[in-house]
Structures are given as C-alpha cells and as structure tokens.
Amino acid sequence: MYDYDLLVVGSANVDLVIGVERRPGAGETVLGSDLAVHPGGKGANQAVAAARLGARTALLARVGDDANGRLAPEDVRAAGPLFHASRVVSAQLEIPLESVVEIVRQLPSGTRFVLNPSPPQALPVEVLAACDPLIVNEHEARVILGGETIGDDPAAWVRELLASGPKSVVVTLGSEGALVASAAEEVVRVASVKVEAVDTTGAGDSFAAALAWKASAGASLAEAPAYAARVGAVAVTRRGAQESFPTAEEVEALCGRAGF
C-alpha cells in the first residue's frame, strides 16, 4: 500500500511577472505593468497540478536562495523512505542532473519513473532506461537526439527516442496533440482539445502532472496522455501557472460541455 500516488522531485521557485502590451523587438524598450509575484518552478507546479486533480502528492525540493541547484544526491538518498511510499516518481531538469541520476538509483522495484527533461540536455543511458514515459516537446526531443538533423517527422522522433532506451515516450505537439509509444506498442496520436488559449504558462507542467497521476492509477499509455491533454486545455484558458491548474471536476465540466 502506497502513501502517495505521486512523488515529485524538482524545483520550487518564485516567479516575478510583468505584463507588457506586446513582445519587444531586439533592442526595444516596452513599458510594463505592475510586478506580480507567483509561486512557480516545474517541480512545485507539477506537484500542485497533481494535487488539484486529487492525487495524493509529495514534493521533494529545496527552498531558499539558489535552492534548486542545491538539491543534491545526498538529499535524494536521505529521502529513501519517501520513494518507497510513492507509486510514481516524476522529475524535471531544473535540479542538478546528478540528482536525477540518484533518483533513478533510489527507485524501488515496481515504482514508475516519469521524466520531463526541461530545460533539455543530453541524458545518461541510465536515466533514459528508467523513463516510463519520457515526456518531451519538439525542442526537447531535438536536444536529446543530438541536434537539428533529426528530420521533421515527429513519429520518427518517437521511434528514435525509444531506441535510446526509455520504456515509453510521449512527444507533445501543441495544437497537434501528442504522439505516444512504447517498445511493445505502435505510435499512437492523441488529439488535442480545441480551446481559446489565454495564457500557456505552466500548461506543460499540468500535462506532465496529469499524465503521471493517471499512470499511477493504472491508465494505459494512450489514456493517460489523452486525459493530460484535457487538463492542459483547461489550464490555458486561465492566466498564471499554479492558479490556472484545474480540479478533476473542472476538467470534467469543461471537456464534458465541449464534447471531449
């Protein structure tokens, strides 16, 4: 019996946000609005998003000045009992890569590992082999596969990523939905949910969190991303990151009305 559906290991930030009428050009000055302060960080965002959906969620992070970079392998090792209490563990790359490697080494047998490698960098084989799934967007896929020469076929990216070691892969494609596959299953396209986007901040984090939670509940490789797409769709209809993340009831209400 697990105490937690999901353990998120990652960053916890304070976001400083200034609104502008439009994106400035190179060398251009544009006046901004008042400064707003919001909780953020990919780790904290994903933990909040999962908890809003009803997942029993834990967050392993450091707080304080320059804290994310100080989440060290020894902190991961010290949290051993927390890993054993969690059905699924997820991480990102706003913490040191050596700490992500240690997460993989601390995974108990039967515990699933979900990685959203953002910001992207080359990953050790040991980390890639543990991912189930590896969740990437187009830019992240290109970085992990070694550059801009991988072609323009997202289905080929999925197959190349799988060949690098992950148990399963999800490639998000924005308005084009997502592609998912495992070594045992063909590439499947998950449709996007059409909504009027207001703010995409944190949408990727809500997608990753929802997918990890559904995976912990036993959803299939196609079902979990489909639900995650609905969660992300609700999030982009609201401003901000954590304040935009919906409850399970809100996801059902919006997507049910839209016929999804």
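Residues numbered from 1 in each chain as written. Predicted model: local features only at pLDDT ≥ 70, side-chain atom pairs only at ≥ 80, totals over all residues. Heavy atoms only, no water.

K.L.:
What is the right way to look at the layout of surface pockets in this model?
P.N.:
The method is simple in principle: a probe with the dimensions of a water molecule rolls over the atoms, and the space it marks as empty is what remains. Considering only enclosed or pocket space, the largest pocket measures out at about 710 Å³ in volume. Lining the largest pocket are 31 residues, and of these Thr-172, Gly-174, Ala-203, Gly-204 and Phe-207 lie nearest its centre. For the lining of the largest pocket, the secondary-structure elements that each account for two or more residues are strand S7 (131-136), helix H6 (138-145), helix H8 (203-216) and helix H9 (223-235). If you tally residues by element for the lining of the largest pocket, the top one is H9, at 4 residues. Residues belonging to the lining of the largest pocket are distributed by class as follows: 15 nonpolar, 12 polar and 4 charged. By volume, the second largest pocket amounts to about 180 Å³. Taken together, Asp-15, Val-17, His-38, Asp-199, Thr-201, Arg-239, Gly-240, Ala-241 and Glu-243 make up the full set of residues lining the second largest pocket. (1 Å grid on protein atoms, 1.4 Å probe; cavity = no way out; pocket = protein on both sides within 12 Å on 5 of 7 lines; lining within 4 Å. Points joined across faces, edges and corners; volume = space filled by probe spheres on them. Helix = DSSP H or I, 4+ residues; strand = E, 2+ residues; numbered from the N terminus. Nonpolar A, V, L, I, M, F, W, Y, C, P; charged D, E, K, R; others polar.)

K.L.:
For this particular structure, what's the right way to read the nonpolar core?
P.N.:
Nonpolar side chains in soluble globular proteins tend to end up buried together. Among the nonpolar cores identified, the biggest contains 39 residues, and Val-9, Phe-83, Ile-103, Phe-113 and Leu-115 are the most heavily contacted of them. Beyond its immediate chain neighbours, meaning those up to four positions away, Leu-115 contacts Ala-91, Gln-92, Leu-93, Val-100, Leu-123, Val-127, Cys-131, Pro-133, Leu-134 and Ile-135. By size, the runner-up hydrophobic cluster in this structure holds 32 residues, among which are Phe-207, Ala-210, Leu-221 and Ala-224. (Core = buried A, V, L, I, M, F, W, Y, C linked by side-chain atoms within 4.5 Å. Buried < 20%, exposed > 50% of the residue type's maximum accessible area, 1.4 Å probe, protein only. Contact = heavy atoms within 4.5 Å.)

K.L.:
Honestly, the sheet that holds strand S6 (residues 112-115) in this entry has me stumped. Any pointers?
P.N.:
The strands that make up a sheet are held in pairs by hydrogen bonds between backbone atoms, and each pair lies either parallel or antiparallel. Strand order in the open sheet formed by 8 strands is S4-S1-S5-S6-S7-S8-S9-S10, and the pairing between neighbours is mixed. The open sheet has two free edges, formed respectively by strand S4 (57-60) and strand S10 (185-190), since each of these has just one partner strand. Neighbour-to-neighbour, the strand axes of this sheet turn through a mean angle of 15 degrees, independent of strand direction. Where strand S1 (residues 4-9) meets S4, 4 bridges bridge the pair, whose relative direction is parallel. (Pairing = 2+ DSSP bridges. Axes fitted to C-alpha atoms, helices over the stretch in contact; angles between N-to-C directions.)

K.L.:
Just to check I follow, could you spell out the pairing of strand S5 (residues 86-91) for this structure?
P.N.:
The side chains of a regular strand alternate between the sheet's two faces. Of all the 6 residues making up S5, 5 are buried; the element is thus mostly covered by neighbouring parts of the structure. Two elements, S1 and S5, share 5 bridges in a ladder whose sense is parallel. From the neighbouring strand, Leu-7 faces S5, where its bridge partner is Val-89. Two strands pair when backbone bridges link them, and S5 and S6 are joined in this way by 4 bridges, in the parallel orientation. Pairing of Ser-90 across the sheet is with Val-114, part of S6. Traced from S5 through helix H4 (residues 97-106) to S6, the parallel crossover comes out right-handed. (Right-handed = clockwise from strand over helix to strand, strands pointing away.)

K.L.:
Got a minute to help me understand a nonpolar patch on the surface in this structure?
P.N.:
A cluster of nonpolar side chains, Val-14, Leu-16, Ile-18, Val-20, Leu-35 and Val-37, forms an exposed patch at the surface whose accessible area comes to about 590 Å². Only strand S2 (13-20) and strand S3 (32-40) provide two or more residues apiece to the nonpolar patch. At 4 residues, the largest contribution of residues to the nonpolar patch is made by S2. The exposure class of Val-14 is exposed, given its relative accessible area of 58%. (Patch = residues over 30% accessible without salt bridge, like charges linked within 9 Å, V, L, I, M, F, W, Y side chains within 5 Å. Areas by Shrake-Rupley, 256 points an atom, 1.4 Å probe, with all protein chains shown as cover. Salt bridge = Lys/Arg side-chain N within 4 Å of Asp/Glu carboxyl O.)

K.L.:
Quick question: what am I supposed to make of the side chain of Gln-46 here?
P.N.:
Secondary-structure assignment places Gln-46 in helix H1 (residues 42-53). One polar contact links Gln-46 to Asp-205, side chain to side chain, over a distance of 3.3 Å. Ignoring sequence-local partners within four residues, the contact set of Gln-46 consists of Val-8, Ser-90, Gln-92, Asn-116, Asp-205, Ala-208 and Ala-209. (Polar contact = N/O pair within 3.5 Å; in protein donor to acceptor, adjacent residues only side chain to side chain.)

K.L.:
Can you help me understand H8 in this one?
P.N.:
Counting along an α-helix, one turn takes 3.6 residues, and residues three or four places apart therefore face a common direction. Spanning 14 residues, H8 covers 20 Å between terminal C-alpha atoms, matching the ideal 20 Å at 1.5 Å per step. Burial within H8 is extensive, with 12 of its 14 residues counted as buried. Buried within H8 we find Ala-203, Asp-205, Ser-206, Phe-207, Ala-208, Ala-209, Ala-210, Leu-211, Ala-212, Trp-213, Ala-215 and Ser-216. After H8 finishes, the residue Gly-218 shows a positive phi value of roughly 95 degrees. (Expected span 1.5 Å × (residues − 1).)

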